[in-house]
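# Observations on chain architecture
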Amino acid sequence: MYRYDEFDHTLVSERVSQFKGQVARRLSGDLTEEQFRPLRLMNGLYLQLHAYMLRVAIPYGTLSSTQMRMLAHIADKYDRGYGHFTTRQNIQYNWPSLDQTPNILDELASVEMHAIQTSGNCIRNVTSDQYAGVAADEIEDPRVYCEIIRQWSTLHPEFSFLPRKFKIAVTGASTDRAATRVHDIGLQMVRGSEGEVGFKVIVGGGLGRTPIIGPTIREFLPKKHLLSYLEAVLRVYNQLGRRDNIYKARIKILVQSAGAEEFAAQVEEEWAHIRDGYLQLPQSEINRIRSYFAPPDYEILPAIDAEHALKMSEVPEFASWVERNAVAHRQPGYAIVNISLKPIGGIPGDATVAQMEIVADLAARYGLDEIRVTHEQNLVLPNVKQAELFAVWQKLAQSDLATPNLGLVSDIIACPGLDYCNLANARSIPVAQNISERFRDLERQHDIGDLKIKISGCINACGHHHVGNIGILGVDKKGVEFYQITLGGRADDGAALGDIIGPAFSYEDVVDAVETIIETYLAHRESDELFNDTYARIGPQPFKEKLYAAH
Amino acid sequence: MTHFVVTANRLNDGEVLYRTASEGWSLWIKDSILAETKTQAEEWLERAEAKSEALKIVGPYVMKVQYRDEKIIPLGQREVIRAKGPTVHPQFQKTIPDGSHV
């Protein structure tokens, strides 16, 4: 893992002292709310419906057990005993008080964490593949480049007041688990014509009010030019992006209005001025950062552990969990363990203090001290020996963390929605809970198979509804919650936006509607066809007929 | 009948507050002072926006309520949730000091 150097330590601790002073001035009346608001937002502190919300950055979703213990400690000491892991691989606390927030940031700084770049019109915390460094299909560990981008972008003077927020995702694998096509910039590691490694650059994707699958503006970017090219993209955006209309301020609008080709040409023109300058990445610097992400000292183990195989045959619940929640590791004898934060009827992404501590303990004891947060609101232990999977499963099961539902109907992404969020129009979490309860029979979920449901409580789409196989968007109709459903979206390498299926459903009817959609899929499914394949083959009509038959 | 009240969040912890007849703030919507017109509520809002109030509250605004059977009922799901607390954590629902739910 990356460890702070003296500059990082100084920057974070100075920011904490600065914010301490700003909070004191707000509480004493020396700062008005208007003056204070941008300052608190720069430190990840929002005001929500019932309380402040603090969003803490988890750079590229990677945590140590010490950091996870600190997150638990903060939930216990300053909040209400839980935290909420988000679709940006961050954690949010829903109940901190203003006067205590500097103390929280102080404690976070002690474990090399902070809340910088989690809000405001800057380059936000960079996200990545949760299996980075351990995925079998990976070209290179993307976290090396995430960290390089973080160092370049943190408090970048030119890009601290962009037209709008700016999100970058990086993946090093052929399977896109980082939703790169729906980010302002998506970077996919690829091999060039001579086998050298570089990036495919996707610009202008995004969800929200105007969902767009980002176009590729450069098929291959050599690694040494990563920062100069990003700087060129950001410069074009900073100069030409709209600042007169918040709904048209994201880079996707600029790319669409100029056209991807023209936008790419403008970037290339800007890049020509800076590509061979100080931003060129020396191999020695890449190597220096890479050393922080060097693979741990794996043991040489057989590909299949005999004791593990025996347990798999003896304990069906364990076998079911391994088959669904454990993933092949690049190192023989090891596995990647997904920890579901979606127990049946639970709140997607929430973890209690006790659960966070258990995960930290497991990471320390069995997981080579690493934890990942996924953009699908689950956790991962990326380095677990096969031989120790049974022990890990038993501990997780005791804490309601072993639901074998990864990628199934109840593994739902949901934003906080109207239960917490000031921007939301409708609740998301209880809709997710009700769907999960409706499909509580895990055998039924396994029969249905992989199916991604994503729920947002407003058009800002924090729940990624546009790219759910079944997407649910909460809308407000004269103070009453309704839910619009989209079908056929996906966020992976074949990224696509869902189609609106018809008029919205009431809160009371939306779970029935989801069940009707799934039953219609099952009735038309051919062999082991996935939901989106069936939908592509039969189209929306059969779903509409079932959904709106009574209308 | 539709009435109006002034609401805000408490500065230090963000708790939802309602303007009272004594120009103070209460955690409970039942204690709100009711305006029959929006104009009247906006006058109260102006006073709630005074500099001295900024030490106590943040983001005051006028909201619509219904007054029925001697109860003040917030209009719209957003205000219902603000008045009562998040629906997904029953343990964090607001309770009145006598133990009853809002």
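Residues numbered from 1 in each chain as written. Chains lettered and ligands numbered in written order. Predicted model: local features only at pLDDT ≥ 70, side-chain atom pairs only at ≥ 80, totals over all residues. Heavy atoms only, no water.

A grouping of E42(B), E43(B), E46(B) and E49(B) is seen on the molecular surface, where their side chains present a negatively charged patch. Position of E46(B) relative to the elements: it lies in helix α1 (residues 38-48). (Patch = residues over 30% accessible without salt bridge, like charges linked within 9 Å, V, L, I, M, F, W, Y side chains within 5 Å. Areas by Shrake-Rupley, 256 points an atom, 1.4 Å probe, with all protein chains shown as cover. Salt bridge = Lys/Arg side-chain N within 4 Å of Asp/Glu carboxyl O. Lys, Arg positive; Asp, Glu negative; His and termini not counted. Charge placed at Lys NZ, Arg CZ, Asp CG, Glu CD. Helix = DSSP H or I, 4+ residues; strand = E, 2+ residues; numbered from the N terminus.)

Residue and element names in this part refer to chain A. In terms of nonpolar packing, the biggest core is built from 109 residues, with L71 and F85 touching the most fellow members. With nine residues, helix α6 (residues 226-240) is the single largest residue contributor to this core. Setting aside residues up to four positions removed in sequence, L71 forms contacts with V56, I58, L63, F85, I91, Y93, L108, M113 and M356. Within the second largest apolar cluster, 32 residues are counted, among which are V510, I518, Y521 and Y548. (Core = buried A, V, L, I, M, F, W, Y, C linked by side-chain atoms within 4.5 Å. Buried < 20%, exposed > 50% of the residue type's maximum accessible area, 1.4 Å probe, protein only. Contact = heavy atoms within 4.5 Å.)

Residue and element names in this part refer to chain A. Scanning all chains against the criterion turns up 45 salt bridges over all chains. A salt bridge links D106 to K20; its shortest N-O distance comes to 3.4 Å. Of this pair, D106 sits in helix α4 (residues 101-109) while K20 sits in helix α1 (residues 6-28); the two residues are 86 residues apart in sequence, bridging distant segments of the chain. Judged by its relative accessible area of 38%, D106 falls in the partly exposed class. The exposure class assigned to K20 is partly exposed, which follows from its relative accessible area of 37%. Here R490 and D492 are joined by a salt bridge, their closest N and O atoms 2.7 Å apart.

As a further point, take the pairing of strand β18 (residues 470-477) of chain A. Side chains on a regular strand alternate between the two faces of the sheet. Residues and elements named next belong to chain A. Judged from the four bridges that link them, strand β17 (residues 453-456) and β18 form a sheet pairing that is parallel. Bridged to S456 within β18 is L473. For β18 and strand β19 (residues 480-487), the ladder comprises eight bridges, and the chain directions are antiparallel. Bridge pairing in β19 links G474 to Y483. (Pairing = 2+ DSSP bridges.)

Residues and elements named next belong to chain B. Backbone geometry places E23, a non-glycine residue, at a positive phi of 60°. For E23, a relative accessible area of 36% puts it in the partly exposed group. Although it is not a glycine, E70 adopts a positive phi angle of roughly 65°. Mapping E70 onto the fold places it in the loop between β4 (57-68) and β5 (71-74).

The next thing to look at is the domain arrangement of chain A. All names here are of chain A. Structurally, chain A comprises domain 1 (6-109), domain 2 (134-292), domain 3 (306-398) and domain 4 (413-547). Just the C-alpha atoms count here: the centres of domain 1 and domain 2 sit 27 Å apart. Each side of the interface is counted separately: domain 1 has seven residues, and domain 2 has nine residues. When domain 1 packs against domain 2, close to 720 Å² is buried across both sides, 60% of that on carbon and sulfur atoms. Three residues, L11, Y60 and R88, lead the burial of domain 1 against domain 2; their summed loss comes to 63% of the area buried on that side. Put simply, domain 1 and domain 2 have one salt bridge between them. For R150, the salt bridge is made with D8, and the minimal N-O distance between the two is 3.1 Å. (Domains from an automatic or database assignment. Buried area = accessible area lost by both parts, 1.4 Å probe.)

Residues and elements named next belong to chain A. Taken in spatial order, the five strands of this open sheet run β1-β2-β5-β4-β13, and their pairing is antiparallel. Looking along the sheet, the strands with just one partner apiece sit at the ends: β1 (45-47) and β13 (350-352). The average angle at which neighbouring strand axes cross in this sheet is 30°, direction not considered. Sitting on the sheet, helix α2 (residues 33-41) touches β1 and β2 (52-56), and the angle it makes with β1 is about 130°. (Axes fitted to C-alpha atoms, helices over the stretch in contact; angles between N-to-C directions.)

Contact residues are listed per partner, giving 29 residues for chain A and 23 residues for chain B. Both faces considered, chain A and chain B share a buried interface measuring about 2,100 Å² in area, 58% of it formed by carbon and sulfur atoms. Of all residues in chain A, R26(A), L49(A) and H50(A) give up the largest surface area on contact with chain B, accounting jointly for 24% of the area buried on that side. For the pair chain A and chain B, the interface holds 12 residue pairs in polar contact (both at pLDDT 80 or more). The set of elements that each furnish at least two residues to the side of chain A that touches chain B consists of α1 and α14 (429-438) of chain A. Looking at the side of chain A that touches chain B, its residues break down into 13 nonpolar, eight polar and eight charged. (Polar contact = N/O pair within 3.5 Å; in protein donor to acceptor, adjacent residues only side chain to side chain. Nonpolar A, V, L, I, M, F, W, Y, C, P; charged D, E, K, R; others polar.)

All names here are of chain A. As summarised here, the arrangement of the five strands in space is β6-β7-β8-β9-β10, forming an open sheet in which the pairing is mixed. At either margin of the open sheet sits one strand with a lone partner, and together these are β6 (127-128) and β10 (216-222). As defined by bridge partners, β6 adjoins strand β7 (residues 168-171) across two bridges and the pair is classed as parallel. Within the sheet, the bridge partner assigned to T127 lies in β7 and is A169. Most of the contacts of helix α8 (residues 260-274) go to β10, to which it runs at about 35°, and overall it touches β9 (197-203) and β10.

Here we come to the pairing of β5(B). Residues and elements named next belong to chain B. Only one face of β5 is covered, namely the face carrying I72 and P74; the face carrying K71 and I73 is uncovered. One ladder, built from four bridges, connects β4 with β5; its direction is antiparallel. Each bridged residue has a counterpart across the sheet, and for V65 the counterpart in β5 is P74. Counting the residues that bridge the hairpin from β4 to β5 gives two residues, and of these D69 lies at a positive phi of roughly 50°.

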